[in-house]
Amino acid sequence: MNIQLANTLFDDGVFSALYKAGFITTKVFTYREIYLWIEAQTKTRGISKNQAVLEAEIKFGKDERTIWRALNSFDENN
């Protein structure tokens, strides 16, 4: 799924409705937040994606593989 589609579904309340109905878990919301945070860090601070991933590990309390998994979930090529 690309991030534009995810943002549209989030803004339209589709993700929230799916979560309330039990079709998706909170992982979708967490992964989206991680993806958006890393993109913001790389654009505003000019740091590399690898550096942003290392910082995200601390900020979100997740391991590096989970951070990369979150990024790959919303890859622009999907």
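Everything here concerns the structure above.
None of the values given here were measured: they were computed from a predicted structure.

Now for the packing of helix H4 (residues 49–60) against helix H5 (residues 64–73). It is at 9 Å that the axes of H4 and H5 come closest, and there the two elements cross at 120 degrees. Between H4 and H5, the angle is such that the two are oblique. The interaxial crossing formed by H4 with H5 has right-handed handedness. Where H4 approaches H5, its residues Lys 49, Asn 50, Val 53, Leu 54, Ala 56 and Glu 57 are matched on the opposing element by Glu 64, Ile 67, Trp 68 and Leu 71. In the contact of H4 with H5, the residues fall into six nonpolar, one polar and three charged.

Here we take up H5. Burial in H5 covers these residues: Thr 66, Ile 67, Ala 70 and Leu 71. When H5 is viewed along its axis, its buried side chains cluster within an angular range of 140 degrees and face the same direction. Close packing links the buried residues of H5 with helix H3 (27–44) and H4.

Relative to the elements of secondary structure, Phe 15 occurs in helix H2 (residues 14–20). You can call Phe 15 buried: its relative accessible area is 5%. Linking Phe 15 and Thr 26, residues eleven residues apart in sequence, is a C-alpha distance of 9.6 Å. Setting aside residues no more than four positions away along its own chain, Phe 15 makes contact with Met 1, Ala 6, Leu 9, Phe 10, Ile 24, Val 28 and Phe 29.

Inspection of the secondary structure puts Arg 32 in helix H3. No salt bridge forms around the buried Arg 32; measuring N to O, its nearest opposite-charge neighbour Asp 11 is 4.5 Å away. Only 2.9 Å separates the side chain of Arg 32 from the side chain of Asn 7, close enough to count as a polar contact. Discounting chain neighbours no more than four positions away, the residues touching Arg 32 are Ile 3, Ala 6, Asn 7, Phe 10 and Phe 74.

On to the nonpolar core. Ranked by internal contacts, the top residues of the largest apolar core, which has 19 residues, are Ile 34, Ile 38, Ala 56, Ile 67 and Phe 74. By residue number, the principal contributor to this core is H3, which donates five residues. Each residue touching Phe 74, except ones within four places of it in the same chain, is listed here: Met 1, Asn 2, Ile 3, Ala 6, Val 28, Tyr 31, Arg 32 and Tyr 35.

Conventions and cut-offs
Residues numbered from 1 in each chain as written. Predicted model: local features only at pLDDT ≥ 70, side-chain atom pairs only at ≥ 80, totals over all residues. Heavy atoms only, no water. Axes fitted to C-alpha atoms, helices over the stretch in contact; angles between N-to-C directions. Helix = DSSP H or I, 4+ residues; strand = E, 2+ residues; numbered from the N terminus. Parallel < 35°, antiparallel > 145°, perpendicular 65-115°, else oblique. Left-handed = near helix turned anticlockwise from the far one by under 90°. Contact = heavy atoms within 4.5 Å. Nonpolar A, V, L, I, M, F, W, Y, C, P; charged D, E, K, R; others polar. Buried < 20%, exposed > 50% of the residue type's maximum accessible area, 1.4 Å probe, protein only. Arc of directions from axis to C-beta. Lys, Arg positive; Asp, Glu negative; His and termini not counted. Salt bridge = Lys/Arg side-chain N within 4 Å of Asp/Glu carboxyl O. Polar contact = N/O pair within 3.5 Å; in protein donor to acceptor, adjacent residues only side chain to side chain. Core = buried A, V, L, I, M, F, W, Y, C linked by side-chain atoms within 4.5 Å.

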